[in-house]
Amino acid sequence: MDHFQYLDRVLHCEEVPLAELAEKYGTPLFVYSQATLLHHLKQIQSAFAEADPIVCYSVKTNGNIHIARLMAEHGSGFDVTSGGELFRALKAGGDPKKIVFAGVGKTDVEMRYAFETGILFFDVESEQELHRLGEVAKSIGTVARAALRVNPDLPPKTHIKTDTSVKGVKFGLDIDTILEVAQGVVGHPNLQVVGLHMHLGSPILSAEPYRQGAEKGAILIAALRKQGHPIQYLNMGGGFGIHYRKQEALPAQAFAEVILPVVRETKCRLVLEPGRFIVGNAGLLLSRVIFTKESGGKHYIIQDAAMNDLIRPTLYDSFHRIWPVAPSAGLPAPPLDYETAIPHTFPQNVVGPVCESGDFLAKDRNLPTMKRGDLLATFSAGAYGMAMSSNYNARCRAAEVLVTGRTHRLIRRRETYDDLVRAEVDCNS
Ligand code: LLP
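Residues numbered from 1 in each chain as written. Predicted model: local features only at pLDDT ≥ 70, side-chain atom pairs only at ≥ 80, totals over all residues. Heavy atoms only, no water.

Caption draft 1: Main features of the sheet that holds strand S1 (residues 4-7). An order of S1-S2-S3 is seen for the three strands of this open sheet, with the pairing classed as antiparallel. Where the open sheet ends on each side, the last strands, each with one partner, are S1 and strand S3 (16-17). Across four bridges, the pairing between S1 and strand S2 (residues 10-13) is antiparallel. Pairing of Gln-5 across the sheet is with His-12, part of S2. (Pairing = 2+ DSSP bridges. Helix = DSSP H or I, 4+ residues; strand = E, 2+ residues; numbered from the N terminus.)

Below you can see the structure in the form of structure tokens.
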């Protein structure tokens, strides 16, 4: 469910026509719907309400302070994966007691920063990290609270580049040796193992991996407790899929049904780290057609958003629905199923101005004839869009706008040429 809809053949975000936003803020532009963001956060909070979970919005998905602040204001904590993300979470008003810190390569500086702020716990991903965490805790006279991140060794479930729970990936502790590692820190004066963590991959369109992961988790929690570790938290990570191509995603309820039984059994406090589920369908990328051309029998729509704005198609061959903001008479609203024929369309490549053949938002996509100046919407761009954007080809990063009802506000201004060189020392000499 989202609040992007066609009213009288014109795409609106909540009650605001997108053409009005393009006019005021320019393109390319990320547009977010506040109602959609909050709706999805609420869906997770309600589906898991029985467990009173600590929902930790995953900052890496979309770290804009204004979006993070909305999350905090509506009860969310944060999952962070770097000192920078911790800084963002705190700046957004995040409660440190609801912040968890994952990542395979935390530095001493990042650990100290997290200790100073008093986060809930560290998600620890290797034996060396666990011992180093104990040493850093000792050096500042404190006790580290750790959740061991397990790689539960599940079958492939999503794109190879984002599957984090198949054997051999860099994430987490191997399920076969995690108990040995845990045994090695029983009674450690500066370490308390208080939880078990797993993040299975992203995006996941089935509840089955969560059922399998949680069941393996329950066995591990019992064993860790037997070793003497006071396990209070089960952190099931994020990864809940969203609608990209059609209505393929599961409701939050489906994940709750397989996770909650294990929460009841272990009596752990549940932690969740959703990102994409909350912000993915709450944002789109608005762009304007610059030129169209044909080459070798292929049709190209060259518009002003590129791989530096949304790298997911280039990186993962991801599918994002794309449709004109003001489709002409006879055209439907964006089709619900792109695998069937769509009248008045023909296969076209939607590309940007970046100097790479891999710069595309869609390949051989059935779209109507577009002309210079037309606006296009690339949907489901709220997650890992702006967050993974870059200045490649010295392109200024896009602006971001947050819409609520009839009102809209800039939450990140468009970058300028001066911004491009600002961090380069002595750039004006
Ligand atoms: N927790 C941990 C430890 C994670 O590594 C991630 C995502 C999340 C939570 C949030 O997952 P989500 O609920 O958003 O699925 N750039 C890729 C996705 C990479 C995900 C990285 N980790 C993409 O655009 O599909």
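Caption draft 2: Examining the nonpolar core more closely. Judged by nonpolar contacts, the single largest core of 120 residues is most densely connected at Val-31 and Phe-48. It is helix H9 (residues 252-266) that contributes the most residues to this core, eight residues altogether. Domain assignment of the residues forming this core places at least three in each of domain 1 (4-31 + 280-415) and domain 2 (34-278). Apart from residues no more than four positions distant in its own chain, Phe-48 is found in contact with Pro-53, Phe-240, Ala-252, Phe-255, Ala-256, Ile-259, Leu-260, Leu-270 and Leu-272. Core analysis: the next-biggest nonpolar cluster, separate from the first, contains nine residues, Ile-54, Cys-56, Ala-147 and Val-194 among them. (Core = buried A, V, L, I, M, F, W, Y, C linked by side-chain atoms within 4.5 Å. Buried < 20%, exposed > 50% of the residue type's maximum accessible area, 1.4 Å probe, protein only. Domains from an automatic or database assignment. Contact = heavy atoms within 4.5 Å.)

Caption draft 3: Quick peek at the domain arrangement of the protein. Splitting the protein by domain gives domain 1 (4-31 + 280-415) and domain 2 (34-278). Distance from the C-alpha centre of domain 1 to the C-alpha centre of domain 2: 32 Å. Counting residues at the interface gives 26 residues for domain 1, matched by 25 residues for domain 2. Of the roughly 2,400 Å² buried between domain 1 and domain 2, counting both surfaces, carbon and sulfur atoms make up 50%. Linking domain 1 to domain 2 there are zero salt bridges. Here domain 1 is connected to domain 2 by 13 residue pairs in polar contact (both at pLDDT 80 or more). Elements with a contribution of two residues or more to the side of domain 1 that touches domain 2: helix H11 (312-316), strand S20 (399-404) and strand S21 (407-412). Element by element, the count of residues in the side of domain 1 that touches domain 2 is highest for S20, at four residues. (Buried area = accessible area lost by both parts, 1.4 Å probe. Salt bridge = Lys/Arg side-chain N within 4 Å of Asp/Glu carboxyl O. Polar contact = N/O pair within 3.5 Å; in protein donor to acceptor, adjacent residues only side chain to side chain.)

Caption draft 4: Highlighting the site of the ligand. The ligand sits among 18 residues. The nearest are Ser-202, Glu-273, Arg-312, Tyr-316 and Tyr-384. A distance of 2.6 Å separates a nitrogen atom of the ligand from a polar side-chain atom of Glu-273. Take Tyr-384: an N or O atom from its side chain is 2.6 Å from an oxygen atom of the ligand. Burial of the ligand by the protein amounts to 91% of the accessible area it has alone, namely 590 Å². A class-by-class count of the residues in the shell around the ligand yields four nonpolar, eight polar and six charged. (Near = heavy atom within 4 Å. Areas by Shrake-Rupley, 256 points an atom, 1.4 Å probe, with all protein chains shown as cover. Nonpolar A, V, L, I, M, F, W, Y, C, P; charged D, E, K, R; others polar.)

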